[in-house]
Amino acid sequence: MSHSRNTSTASKTGTGKHPPANLKMAHHQAPMRHVVPDASDYDTTHSIEARKYLKTYGLTPPGVDTYEKQNQRALAILNSRKTPIEKYQYLSVLRSTNVHLFYRLLAKNVKELTPLIYTPTVGEACQRWSELYTQPEGMYLSFEDRGHLHTVIQNWPHHDVEITVVTDGSRILGLGDLGVDGMGIPVGKLSLYTACAGIHPLKTLPLCLDLGTSNKEKREDPLYLGSRRDKVTAEEEKDFLDELMAALTERWPGIVIQYEDFKNPFPSLERYQETYTMFNDDIQGTGAVILGGFINAVKQSGVAPKDQRAVFLGAGSAGVGVAKQLTEFFMKEGLSEEEAKKRFWLVDSQGLVALDRGKLADHKIYFARDDNGGKQYKTLEEVVEYVKPTILMGLSTIGGAFTPKILERMAELNDRPVVFPLSNPSSKSECTFEEAIKYTKGKCLFASGSPFPTLNHAGKDLVPGQGNNMYVFPGIGLGAILSKSVSVTQNMIYASAEALSTSLLKQEIKDNWLYPDIRRIRDVSVIVTAGVIRAAQADRVDRELALRHLSDEDLEEYIRNRMYDPYIESEKVNEEIRELAAHVIGSPTTVGGAHAHQNGTNGTARKSSMASRPGTANGRA
Ligand SMILES: NC(=O)C1=CN([C@@H]2O[C@H](COP(=O)(O)OP(=O)(O)OC[C@H]3O[C@@H](n4cnc5c(N)ncnc54)[C@H](O)[C@@H]3O)[C@@H](O)[C@H]2O)C=CC1
Ligand SMILES: CC(=O)C(=O)O
Ligand SMILES: [Mg+2]
């Protein structure tokens, strides 16, 4: 697993200017490490002297790879795997056996690989987690562990965790309650934290809570690896989470905690958001990412906020989270709160959410309509006819719910209808990009939760936007970590959306994109992180006060320099050898008792190819 028992190369020996005392060598003594190698120590790019130093010499084939060759081999193996789930499995093995190679590969192929480690493939991986389980990739805490969570958490082998993504598996994407099989989500989200925001992989903790499952099929599946109990009550969950939050922050006081894919996450957000450095990705991250794209959509559609009419299919955590975030935007654009919230019509499995419909869940009341004249609108089609929306959002988990008829109607009603089918994975998307383009005759402003391929329409290549919280959560988390925020405020969330909306290049704007190219995600995450840090400062929740005095440019540079880079990480072992060699008088190139060889093209002075490149966002509009 990527979180192997041994600490990283860096933490074993230190990477500061002076080698630790126990590694200082007397004359003629060979430098050597007296620790068990960890998985990435077997990297085939390591030089011969590095292998001797790491005591992995003879344990890998004798040839020394270049990064390029190694990438090529890994890609060829990946491409030879036929199905997405087989590719997912190969990538999981790679992350466990050579974490830096995994992230080098991901960095170079982020657009191609993200759908394999994240939505949509992670959905199937979760559905089949117990069937396919081969290796530990995170931490599981069970309801039976209550009272002892603090002790169990001590078993996590890494001492410096900065961020955790925690789920109880009760609403995994649009796939329902998958119990502990939901572990794929924290693993996938944290891989994106590392790839997109450069949080060191060993500082991330994927966490899955086994609080039982309401999924009978799982409970009766002989291979299922969770407890067979039904879902615990809301009260029991609350007590468990109270203990969890205390235990996590006791072991790692600065930890940022991201809640993910809980069936009803509103109570925990309300309970912890001011006390802990936490946020809920499905409510807040999704709200922010959709606002970020929506700000750009408004510019293109030219419809003023007061004239917008938004119909949402789905009134759960994501639906309400997005509607709340857009409400805040409308208010900043000059509408009163009452006027702003009246721009929204939410539809759930019972139809239009209206006050006179009967008892409503607490989180739906804010947007419940009181102007429906006693009439209940049961279907989306009826609501579209009644509201005549400018915006159609899908956060319902119902694949295909945006029917050809509804899409055609949106195009009749608007010059540029906003159509965002945001449910995941692809099978749950309310429509495909192809359907949206076909039935709106290419008029719609489109973003989907899961990726769809580029299309040619009327002789023009159209690129679908991906309205997925992956554009913001890495920056929200990194911003909270670097600013050492005591909490994640609403202004920090809003700032992530605004920053995202400004991250497009001139060409991307010219091409009518709503979101930046995913291949630039690290640059985008720097911009989002900077926005989040500035908001933390404005709210005075930051504790890294020195950052307040940095110019915007210096702040971005500061962020870049703190991002994990898998190339630099792999070079650390060479750095250590150089430092040690400098202390071995008369044998600067003699390591492990053997004569040193040159390490091919992987020169130790190699510059990062990912981060630390100031000015990469120069073309930004
Ligand atoms: N694109 C993105 O970044 C994100 C997408 N999502 C997706 O949004 C979807 C919903 O997530 P949550 O809101 O957290 O789930 P949730 O379970 O809290 O809400 C689902 C909502 O859909 C409604 N619904 C269910 N069946 C329906 C039907 N037949 N007709 C109309 N409405 C129906 C439910 O009544 C509920 O209001 C999921 O598919 C999830 O993957 C969630 C977070 C982020
Ligand atoms: C993207 C995401 O967080 C979800 O679908 O739940
Ligand atoms: Mg989610």
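Residues numbered from 1 in each chain as written. Chains lettered and ligands numbered in written order. Predicted model: local features only at pLDDT ≥ 70, side-chain atom pairs only at ≥ 80, totals over all residues. Heavy atoms only, no water.

J.: Can you help me understand the overall build of the protein chain in this one?
T.: From N to C terminus, the protein chain includes 26 helices and 16 strands. Here the protein chain, with 621 residues, has 59% of them falling under the buried criterion. For the protein chain, contacts bridging at least 24 residues in sequence account for 72% of all contacts bridging at least 6. Surface accessibility of the protein chain: about 25100 Å² in total, with carbon and sulfur atoms responsible for 52%. (Helix = DSSP H or I, 4+ residues; strand = E, 2+ residues; numbered from the N terminus. Buried < 20%, exposed > 50% of the residue type's maximum accessible area, 1.4 Å probe, protein only. Contact = heavy atoms within 4.5 Å. Areas by Shrake-Rupley, 256 points an atom, 1.4 Å probe, with all protein chains shown as cover.)

J.: Sorry if this is basic, but what is going on with the UniProt feature "active site" (unreviewed entry) in the protein chain here?
T.: When the UniProt feature table is mapped onto this chain, "active site" (unreviewed entry) is found at Tyr118 and Lys189. Despite a sequence span of 72 residues, these residues sit close together in the fold, their greatest C-alpha distance being 7.3 Å. Considering the arrangement of structural elements, one finds Tyr118 in the loop between α6 (110-117) and α7 (121-127). Classification of Tyr118 by relative accessible area gives buried; the value is 3%. Within the secondary structure, Lys189 sits in helix α10 (residues 184-197). Look at Lys189 and you get buried, because its relative accessible area is 3%. Once residues within four sequence positions are removed from consideration, Lys189 is found in contact with Tyr118, Val165, Gln258, Glu260, Asp281, Asn469 and Phe473. (UniProt positions renumbered as here; feature names shortened; annotations may be inferred.)

J.: What am I meant to see in the site of ligand 2 here?
T.: Taken together, the residues surrounding ligand 2 are Tyr118, Arg171, Leu173, Lys189, Glu260, Asp261, Asp281, Asp282, Asn424, Asn468 and Asn469. Arg171 is positioned with one of its side-chain polar atoms (N or O) 3.0 Å from an oxygen atom of ligand 2. Between an oxygen atom of ligand 2 and a side-chain N or O atom of Asp282, the distance comes to 3.1 Å. Here ligand 2 has 210 Å² of accessible area as a free molecule, and 91% of this is covered by the chains. Grouping the amino acids of the shell around ligand 2 by side-chain chemistry returns 2 nonpolar, 3 polar and 6 charged. (Near = heavy atom within 4 Å. Polar contact = N/O pair within 3.5 Å; in protein donor to acceptor, adjacent residues only side chain to side chain. Nonpolar A, V, L, I, M, F, W, Y, C, P; charged D, E, K, R; others polar.)

J.: Looking at this structure, how should I read the packing of helix α15 (residues 317-332) against helix α22 (residues 490-501)?
T.: To describe two helices that pack against each other, one gives the angle between their axes and the distance between the axes. For the pair α15 and α22, the least separation of the axes is 11 Å and the interaxial angle reads 80°. When the axis of α15 is compared with that of α22, the two are roughly perpendicular. When α15 is examined against α22, the residues Gln325, Glu328, Phe329 and Lys332 are found in contact with a partner set consisting of Gln490, Ile493 and Tyr494. Its residues placed into classes, the contact of α15 with α22 shows 3 nonpolar, 2 polar and 2 charged. (Axes fitted to C-alpha atoms, helices over the stretch in contact; angles between N-to-C directions. Parallel < 35°, antiparallel > 145°, perpendicular 65-115°, else oblique.)

J.: Just checking my understanding: could you explain the site of ligand 1 for this structure?
T.: Taken together, 25 residues are adjacent to ligand 1, and Arg171, Lys263, Ala315, Ser317 and Ala318 come closest. Contact between ligand 1 and Arg171: an oxygen atom at 2.7 Å from a side-chain N or O atom of the residue. Ala315 is positioned such that a nitrogen or oxygen atom in its backbone is 2.8 Å from an oxygen atom of ligand 1. For the shell around ligand 1, the secondary structure elements donating two or more residues are α14 (281-301) and α15.

J.: What should I look at first to understand the packing of helix α5 (residues 99-108) against helix α26 (residues 566-583) in this one?
T.: At their nearest, the axes of α5 and α26 sit 8 Å apart, and the two run at 150° to each other. Here α26 runs roughly antiparallel to α5, going by the angle between their axes. Regarding α5 and α26, the two cross each other, and that crossing is left-handed. In contact with His100, Tyr103, Arg104 and Lys108 of α5, α26 contributes Pro566, Tyr567, Glu569 and Ser570. Classifying every residue of the contact of α5 with α26 gives 3 nonpolar, 2 polar and 3 charged. (Left-handed = near helix turned anticlockwise from the far one by under 90°.)

J.: For this particular structure, what's the right way to read the packing of aromatic side chains?
T.: Any two aromatic rings considered together are summarised by their centre-to-centre distance and by the angle between their planes. Overall, the coordinates contain 19 aromatic pairs when judged by the stated rule. Their ring planes at 70° and their centres at 5.8 Å tell us that Tyr272 and Tyr276 sit as a pair that is edge-to-face. Of the residues examined, Tyr272 reaches a relative accessible area of 3% and is grouped as buried. Three or more aromatic residues joined by ring pairs make a cluster, and in this case those are Phe294, Phe312, Phe329, Phe330, Phe344, Tyr366 and Phe367. (Phe/Tyr/Trp six-rings, centres within 6.5 Å; stacked < 30°, edge-to-face > 60°.)

J.: What is the right way to look at the pairing of strand β9 (residues 391-394) in this model?
T.: Burial along β9 is two-sided: Ile391 and Met393 and Leu392 and Gly394, pointing in opposite directions, are all buried. For strand β6 (residues 310-313) and β9, the ladder comprises 4 bridges, and the chain directions are parallel. By the bridge assignment, Phe312 is partnered in β9 with Met393. In this sheet, strand β10 (residues 418-421) lies alongside β9 in parallel orientation, the contact comprising 4 bridges. Across the sheet, Ile391 pairs through a bridge with Val418, a residue of β10. Handedness of the crossover joining β9 and β10 through helix α19 (residues 404-413): right-handed. (Pairing = 2+ DSSP bridges. Right-handed = clockwise from strand over helix to strand, strands pointing away.)

J.: Mind showing me how you'd approach the nonpolar core here?
T.: The nonpolar side chains of a soluble globular protein tend to be buried, and buried together. Ranked by internal contacts, the top residues of the largest apolar core, which has 128 residues, are Leu209, Leu244 and Phe312. In terms of residue count, helix α24 (residues 521-538) provides more of this core than any other element does, 10 residues in total. Not counting the four nearest positions on each side in its chain, Leu244 is found in contact with Leu141, Leu149, Ile153, Val166, Leu207 and Leu209. In this structure, Val347, Val387, Ala401 and Ile437 belong to the second largest nonpolar core, which totals 26 residues. (Core = buried A, V, L, I, M, F, W, Y, C linked by side-chain atoms within 4.5 Å.)

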